[in-house]
Amino acid sequence: MTPRQPCPPSHRRRGLAAAAALATVFAVTGCQTTPPTPEPPRGRSLPSMPPTPALVVERQWLQSWFDGTPVVITQKGSGPVAVEVPLAFSFDAGKRSVKPPLAAVLDKLAESLRRQPQMTLALAAPGDAGGDTALAAQRAAAVRSYLLGRGAGSAQLGAPQVAGARAVQLRLELR
């Protein structure tokens with residue numbers, strides 16, 4: 001056999017238990033177990049793709065879930081990911097309990113935070129049309145509590161804030 005000749009079928013059928021013994025046989029008989037790794041020509045390096053920043057990946061993942069819904073997901077460059085859920089889909093008038101559409105968004109954000117422990121989430125919730133800041137603060141606390149209940153780390157969540165817009169505002173960032 002030549003050094004670059006593939007192993008005969010009898011060698012391949014042996015099984016994992018004899019792998020250590022076969023390694024010696026392969027070395028002696030000249031069989032190769034794996035194809036050789038090509039080396040770049042001297043003085044040149046293989047082209048490399050830049051890594052995709054984690055926040056860009058998370059934005060793309062979130063957009064795949066909420067494309068075609070009223071949820072607005074934006075990002076400038078590879079900076080923070082902003083997520084806005086309109087008030088009508090977040091809370092009932094005068095209430096602080098999270099509605100199912102907002103819960104679906106929060107579930108995905110909690111999953112992102114569990115997968116990416118280096119990320120943090122700033123959160124703010126609005127009051128009703130009259131600008132009730134006490135209700136807004138209660139809603140923001142309910143959002144934070146919901147995320148904690150879904151496995152997000154408390155160190156990853158910012159303090160609940162009052163939103164000036166008519167939407168729940170969430171912002172994913174890297175620490």
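All figures in this text were calculated on a predicted structure; none of them were measured in a lab.

**What to know about the pairing of strand E1 (residues 72-75)**
Here is step 1 of the chain: Of the two faces of E1, the one holding Ile73 and Gln75 is buried and the one holding Val72 and Thr74 is not buried anywhere.
Here is step 2 of the chain: Note that E1 and strand E2 (residues 81-86) share four bridges and pair antiparallel. Within the sheet, the bridge partner assigned to Ile73 lies in E2 and is Val83.
Here is step 3 of the chain: The turn joining E1 and E2, which pair antiparallel and follow one another in sequence, is formed by five residues; a positive phi near 60° is taken by Gly77.

**Some words on the pairing of strand E3 (residues 119-125)**
Here is step 1 of the chain: For E3, the buried fraction is high: six of the seven residues fall into the buried class.
Here is step 2 of the chain: Note that E3 and strand E5 (residues 167-174) share six bridges and pair antiparallel. Paired with Leu121 across the two strands is Leu172, which belongs to E5.
Here is step 3 of the chain: Of the strand pairs in this sheet, E3 and strand E4 (residues 161-162) are connected by two bridges, and their pairing is parallel.

**A few points about the sheet that holds E3**
Here is step 1 of the chain: With mixed pairing, the five strands of this open sheet are ordered in space as E1-E2-E5-E3-E4. Looking at strand neighbours, the two that pair on one side only are E1 and E4, the edges of this open sheet.
Here is step 2 of the chain: Where E2 lies against E5, six bridges are found, and the strand directions are antiparallel. Its bridge partner being in E5, Ala82 is matched across the sheet by Arg171.
Here is step 3 of the chain: Packing of helix H4 (residues 100-115) onto the sheet brings it into contact with E2, E3 and E5, and relative to E5 it is tilted by some 10°.

**Looking at the environment of Ala134**
Here is step 1 of the chain: Position of Ala134 relative to the elements: it lies in helix H5 (residues 133-149).
Here is step 2 of the chain: With relative accessibility at 45%, the residue Ala134 sits in the partly exposed group.
Here is step 3 of the chain: Expressed as a C-alpha distance, the spacing of Ala134 and Val162, which sit 28 residues apart in the sequence, is 8.7 Å.

**Details of the packing of H4 against H5**
Here is step 1 of the chain: Relative orientation of the contacting elements H4 and H5 amounts to 50°, with a least axis distance of 9 Å. Taken together, the axes of H4 and H5 lie oblique to each other. Taken as a pair, H4 and H5 cross one another with a handedness that is right-handed. Of the residues in H5, those in contact with Leu102, Ala103, Leu106, Asp107 and Ala110 of H4 are Val143, Tyr146 and Leu147.
Here is step 2 of the chain: In terms of residue class, the contact of H4 with H5 is made up of seven nonpolar, no polar and one charged.

**Things to note about H5**
Here is step 1 of the chain: With 17 residues, H5 extends 24 Å between its outermost C-alpha atoms, agreeing within 8% with the 24 Å of an ideal straight helix rising 1.5 Å per residue.
Here is step 2 of the chain: The complete set of buried residues in H5 reads Leu135, Ala136, Arg139, Ala140, Ala142, Val143, Arg144, Tyr146 and Leu147.
Here is step 3 of the chain: Phi for Gly151, located one or two positions after H5, is positive at around 95°.

The rules we used
Residues numbered from 1 in each chain as written. Predicted model: local features only at pLDDT ≥ 70, side-chain atom pairs only at ≥ 80, totals over all residues. Heavy atoms only, no water. Buried < 20%, exposed > 50% of the residue type's maximum accessible area, 1.4 Å probe, protein only. Helix = DSSP H or I, 4+ residues; strand = E, 2+ residues; numbered from the N terminus. Pairing = 2+ DSSP bridges. Contact = heavy atoms within 4.5 Å. Axes fitted to C-alpha atoms, helices over the stretch in contact; angles between N-to-C directions. Parallel < 35°, antiparallel > 145°, perpendicular 65-115°, else oblique. Left-handed = near helix turned anticlockwise from the far one by under 90°. Nonpolar A, V, L, I, M, F, W, Y, C, P; charged D, E, K, R; others polar. Expected span 1.5 Å × (residues − 1).

Just distances and angles here, no functional claims.
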